[in-house]
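Architecture and fold: a report
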Amino acid sequence: MAARELRYAYFEQLRHDLSAQAVCVAHHQDDSVETILMNLLRGTGLEGLAGIKPRNGYIVRPLLCINRQEIEAWLAELGQKYVTDSTNLVADVIRNQLRLNVIPQLRNVMPSAISNILATAQHLSEAKRVYDAALHNIVEKLNNDHSIAISKLLDQPSPECVLFEWLSPVGFNSATIEQIAQRLAVVQAGRQWLSETHQLIVHAGRLVLCERQAERPTMRFPEPGLYIYDETEHFRISLSKEKSILRHPKACCLDAKKVQFPLTLRPVLPGDRFQPFGMRGSKLVCDFLTDRKVSIVEKHRQLVLTDANGNILWLVDHRPDGRFTIDSETHQMLLIQHDISL
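**What about a nonpolar patch on the surface?**
Judged by side-chain polarity, Tyr-10, Leu-14 and Leu-18 come together as a nonpolar surface patch covering roughly 330 Å² of accessible area. Tracing the chain through its elements places Tyr-10 in helix α1 (residues 2-18).

**Points about the pairing of strand β11 (residues 251-255)**
Counting buried positions along β11 yields five of five residues, so the element is predominantly enclosed. Judged by which residues are buried, β11 turns out to be covered on both faces: Ala-251, Cys-253 and Asp-255 on one side and Cys-252 and Leu-254 on the other are all buried. Relative to strand β18 (residues 333-338), β11 runs antiparallel, the two sharing five bridges. Paired with Cys-252 across the bridge in β18 is Ile-336.

**Side note on the packing of helix α8 (residues 159-167) against helix α9 (residues 174-182)**
α9 packs onto α8 with a crossing angle of 135° between their chain directions and a minimal axis gap of 9 Å. One finds that α8 runs oblique with respect to α9. The interaxial crossing formed by α8 with α9 has right-handed handedness. For the pair α8 and α9, the contacting residues are Glu-160, Leu-163, Phe-164 and Leu-167 in the first and Ser-174, Ile-177, Glu-178, Ile-180 and Ala-181 in the second. Considering only residue class, the contact of α8 with α9 consists of six nonpolar, one polar and two charged.

**Considerations on the packing of aromatic side chains**
Applying the stated criterion across every chain yields a total of six aromatic pairs. Where Tyr-229 meets Phe-235, the ring centres are 6.3 Å apart and the plane angle is 85°; that geometry is what we call edge-to-face. With a relative accessible area of 9%, Tyr-229 lands in the buried category. Where Phe-274 meets Phe-288, the ring centres are 5.4 Å apart and the plane angle is 85°; that geometry is what we call edge-to-face. You can see Phe-274 sitting in strand β13 (residues 273-274) and its partner Phe-288 sitting in helix α10 (residues 285-291), a full 14 residues away along the chain. On the basis of relative accessibility, which here comes to 1%, the residue Phe-274 falls in the buried class. Aromatic ring contacts, followed pair by pair, group Phe-221, Tyr-227, Tyr-229 and Phe-235 into a single cluster. Arg-15 extends its terminal NZ or CZ atom over the ring of Tyr-58, reaching a point 3.5 Å from the ring centre.

**Things to note about the pairing of strand β6 (residues 198-203)**
Of all six residues in β6, five are buried, a share of seventy percent or more. By the bridge criterion, three bridges tie strand β5 (residues 192-194) to β6 in an arrangement that is antiparallel. Across the sheet, Gln-192 pairs through a bridge with Ile-201, a residue of β6. Hairpin connection from β5 to β6: three residues lie between these consecutive antiparallel strands. By the bridge criterion, six bridges tie β6 to strand β7 (residues 206-211) in an arrangement that is antiparallel.

**Quick look at the layout of surface pockets**
Quantified by volume, the largest pocket comes out at close to 1,800 Å³. Taken together, 46 residues make up the lining of the largest pocket; nearest its centre are His-27, Asp-31, Glu-34, Arg-95 and Arg-99. For the lining of the largest pocket, the secondary-structure elements that each account for two or more residues are α1, α2 (29-42), α3 (46-49), α4 (68-78) and α5 (94-109). Residue contributions to the lining of the largest pocket peak at eight residues, all from α5. Looking at the second largest pocket, its volume works out to about 850 Å³. Lining the second largest pocket are 28 residues, with Gln-192, Val-268, Lys-299, His-300 and Arg-301 positioned closest to its centre. For the lining of the second largest pocket, the secondary-structure elements that each account for two or more residues are β5, β6, α10 and α11 (296-301). Sort the elements by how many residues they give to the lining of the second largest pocket and α11 lands first, with five residues.

**Topic: α2**
Given a rise of 1.5 Å per residue, 14 residues ought to cover 20 Å, and the 20 Å separating the end C-alpha atoms of α2 matches this to within 8%. With respect to burial, α2 is a largely interior element, ten of its 14 residues being buried. For α2, the set of buried residues is Asp-30, Asp-31, Ser-32, Val-33, Glu-34, Thr-35, Ile-36, Leu-37, Met-38 and Asn-39. Turning to α2, the residues buried within the fold contact α3, α4, α5 and α6 (113-142). At the C-terminal side of α2, Gly-43 shows a positive phi close to 85°.

**Quick word on the sheet that holds strand β9 (residues 225-228)**
Read across the open sheet, the four strands follow the order β9-β10-β18-β11; overall the sheet is antiparallel. Strands at the two margins of the open sheet, each flanked by one partner only, are β9 and β11. This sheet shows a mean twist of 15° between the axes of neighbouring strands, independent of strand direction. Note that β9 and strand β10 (residues 234-240) share four bridges and pair antiparallel.

**Here's the deal with α9**
Within α9, burial applies to Thr-176, Ile-177, Ile-180 and Ala-181. Within α9, the buried residues cover an arc of 135° as seen down the axis, which keeps them to one side. Along α9, exposed side chains directed more than 90 degrees from the buried face belong to Ala-175 and Gln-182. Against the buried residues of α9 lie α8, β5 and β6.

Scoring rules and cut-offs
- Residues numbered from 1 in each chain as written.
- Predicted model: local features only at pLDDT ≥ 70, side-chain atom pairs only at ≥ 80, totals over all residues.
- Heavy atoms only, no water.
- Patch = residues over 30% accessible without salt bridge, like charges linked within 9 Å, V, L, I, M, F, W, Y side chains within 5 Å.
- Areas by Shrake-Rupley, 256 points an atom, 1.4 Å probe, with all protein chains shown as cover.
- Salt bridge = Lys/Arg side-chain N within 4 Å of Asp/Glu carboxyl O.
- Helix = DSSP H or I, 4+ residues; strand = E, 2+ residues; numbered from the N terminus.
- Buried < 20%, exposed > 50% of the residue type's maximum accessible area, 1.4 Å probe, protein only.
- Pairing = 2+ DSSP bridges.
- Axes fitted to C-alpha atoms, helices over the stretch in contact; angles between N-to-C directions.
- Parallel < 35°, antiparallel > 145°, perpendicular 65-115°, else oblique.
- Left-handed = near helix turned anticlockwise from the far one by under 90°.
- Contact = heavy atoms within 4.5 Å.
- Nonpolar A, V, L, I, M, F, W, Y, C, P; charged D, E, K, R; others polar.
- Phe/Tyr/Trp six-rings, centres within 6.5 Å; stacked < 30°, edge-to-face > 60°.
- Lys NZ or Arg CZ within 6 Å of the ring centre and 35° of its normal.
- 1 Å grid on protein atoms, 1.4 Å probe; cavity = no way out; pocket = protein on both sides within 12 Å on 5 of 7 lines; lining within 4 Å.
- Points joined across faces, edges and corners; volume = space filled by probe spheres on them.
- Expected span 1.5 Å × (residues − 1).
- Arc of directions from axis to C-beta.

The following block contains the structure:
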């Protein structure tokens, strides 16, 4: 496989350098049968049973319509010599074992075995075109803003096939998709699965697909000042004798006497609670965000600011905790601004 990848990378570089339209390789019918049998032994889907494709991107295979015996007969007629790769004559790897041992036995059992296998592969290739079109239409119908209702997915003849059509293009492998399909009926909100580039999250009875976000870092604020959280987000913490409330979603006004440094800016954790300003009693942060119809993606990016004792002071960009806001006895205000013009 390593040699194959290097070989095709070299071919592609040559094609690019020469401005060629395609790279022709010499796979023939026997190669396709070997590939079908290998895939069958490994446990494959329709794609693997359809054999080698005549075209795959810039790779074309013009000899797939004939077999090795026909190619050798044609070369003999021309008097053209050819070279046999000696490594193909040793029954060590799976392909060679199939070529040297299994396929000759299949011909002994039934002389037309190879042509029948190829005919079956052609039938499966045509069936796959119908299958792919139907699955694509189902996904298009179910998919609403990169999410699918679990109840509607369970109504399909094969939820796993629908999931594979939807998720495999963004890196989810067969084992993960099978696991998701098996747990659809009992999966709990907040459950998530990851590929290299995307995450699938269970939210409000739906599977929500989004690009995978880097985990948001935790940052400590030891004292008032200007802090750069990342390239786009900044926090300014300042003290003021004024007690006027800055009514802006990205600003938080607290009683400096009630706040103990150092402060910590971090992502929301499961079970986080606070007392939203203007409300009595505490509330789970996740429930508060749900009531405000915050999307599941934004929930995963939500930040909170806590004091030295771990108390949530501010659900950033949403609501301060009422226990720490200014009142008639406040002498000094702590003003926290997020991403305000600096």
